Amino acid sequence: MKNNPVFPYILILAFGIGLIFFMSMNGAGDHEEAEGGETTEQNDGAALVQSCIGCHGGDLTGGMGPDLHGIALSKEEIVEILTNGKGSMPAGTAKGNEEAVADYILSLE
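Each value, and the rule that gives it
- Residue positions are counted from 1 within each chain, in the order its sequence is given.
- Residue-level local features of this predicted model are given only where pLDDT is at least 70; pairs of side-chain atoms are given and counted only at 80 or more, and the full residue set underlies all totals for whole chains, interfaces and linings.
- Water and hydrogen atoms play no part in the side-chain values, which are based on all heavy atoms of the structure.
- Only DSSP runs of H or I covering at least 4 residues are called helices, and only runs of E covering at least 2 are called strands; the numbering of each starts at the N terminus.
- With a 1.4 Å probe rolled over the protein chains alone, any residue whose accessible area is under 20% of its type maximum counts as buried; one over 50% counts as exposed, and the rest are partly exposed.
- Whether two residues touch is decided by their heavy atoms; if any such pair falls within 4.5 Å, the residues are in contact.
- Salt bridge, as used here: a side-chain nitrogen of Lys or Arg that lies within 4 Å of a carboxyl oxygen of Asp or Glu.
- Working definition of a nonpolar core: buried Ala, Val, Leu, Ile, Met, Phe, Trp, Tyr and Cys residues. They are joined through side-chain atoms within 4.5 Å.
- Defined by distance alone, a disulfide is two cysteine sulfur atoms within 2.5 Å.
- Definitions used for this entry: grid spacing 1 Å over protein atoms alone; cavity, a set of points where a 1.4 Å probe fits but cannot get out; pocket, an open set with protein on both sides within 12 Å along at least 5 of 7 lines; lining residue, one with an atom within 4 Å of a point.
- Grid points are joined across faces, edges and corners, and a volume is the space filled by probe spheres set on the points.
- Arc definition: directions from the helix axis to the C-beta atoms.

Describing the overall build of the chain
Consideration 1: Assigned secondary structure in the chain consists of six helices and zero strands.
Consideration 2: Reading the chain from its N terminus to its C terminus gives the helix and strand order α-α-α-α-α-α.
Consideration 3: By the burial criterion, 19% of the 109 residues in the chain qualify as buried.
Consideration 4: Taking all contacts inside the chain whose residues are at least 6 apart in sequence as the whole, residues at least 24 apart take part in 38%.

Examining the pattern of salt bridges
Pairing between side chains of opposite charge can happen when their charged atoms approach one another.
Consideration 1: All chains considered together, the criterion is met by two salt bridges.
Consideration 2: Between Lys75 and Glu99 there is a salt bridge, with the nearest N and O atoms lying 3.0 Å from each other. Pair noted here: Lys75 is in helix α5 (residues 75-84) and Glu99 is in helix α6 (residues 98-107), with a separation of 24 residues, a long-range link.
Consideration 3: Exposure remark for Lys75: the relative accessible area of 25% places this residue in the partly exposed category.
Consideration 4: The shortest N-O distance in the salt bridge between Lys75 and Asp103 comes to 2.9 Å.

Some points on the nonpolar core
Consideration 1: Of all hydrophobic cores here, the largest spans 14 residues; its most connected members are Val49, Leu60, Leu68, Ile78, Leu82, Val101 and Ile105.
Consideration 2: Listing elements by their share of this core, those giving two or more residues are α5 and α6.
Consideration 3: No other element matches the four residues that α6 contributes to this core.
Consideration 4: With residues up to four places along the chain from it excluded, the contact list for Leu60 reads Val49, Cys52, Ile53, Asp67, Leu68, His69, Tyr104 and Leu108.

Points about the state of the cysteines
By definition, a disulfide links the sulfur atoms of two cysteine residues through a covalent bond.
Consideration 1: All told, the structure shown has zero disulfides when counted by the stated rule.
Consideration 2: You can see Cys52 has no disulfide; the closest cysteine sulfur is in Cys55, sitting 8.5 Å from it.
Consideration 3: By relative accessible area, which is 12% here, Cys52 ends up buried.

Comments concerning the layout of surface pockets
Consideration 1: Empty space within the largest pocket amounts to approximately 470 Å³.
Consideration 2: In this structure, the largest pocket is lined by 19 residues; those nearest its centre are His56, Pro66, Leu68, Ile81 and Met89.
Consideration 3: Put simply, the parts of the chain that give the lining of the largest pocket at least two residues each are α4 (53-56) and α5.
Consideration 4: At three residues, the largest contribution of residues to the lining of the largest pocket is made by α5.

A short note on α5
Consideration 1: Three or more residues of α5 are buried, namely Ile78, Val79 and Leu82. The arc enclosing the buried residues of α5, seen along the axis, measures out at 100°, which places them on a common side.
Consideration 2: Buried residues in α5 make contact with α6.
Consideration 3: Backbone geometry just after α5 places Gly85 at a positive phi near 80°.

Written as structure tokens, this is what we have:
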């Protein structure tokens, strides 16, 4: 080791890569269970609208897409748009959780 000062840095690098790998594998399948056997993620409209931020803005007050606060649509109309798309809004963005996303959007003021 006295002749090669790079060796300790290689060991630290290998340890760091291994640690990152094992930490990422630990969280790969973790989902908290909610009542009824569904994951919390599937029930939480607020978490589901994270995919909406790109077009509707970080606070969903508008961007390329319209402001979602106080939207003048019924739950059924919102579910229809989430399912089939409309204009530049792509279909299937709620990934089967249209009801939860619609409820969350309607709760925005």
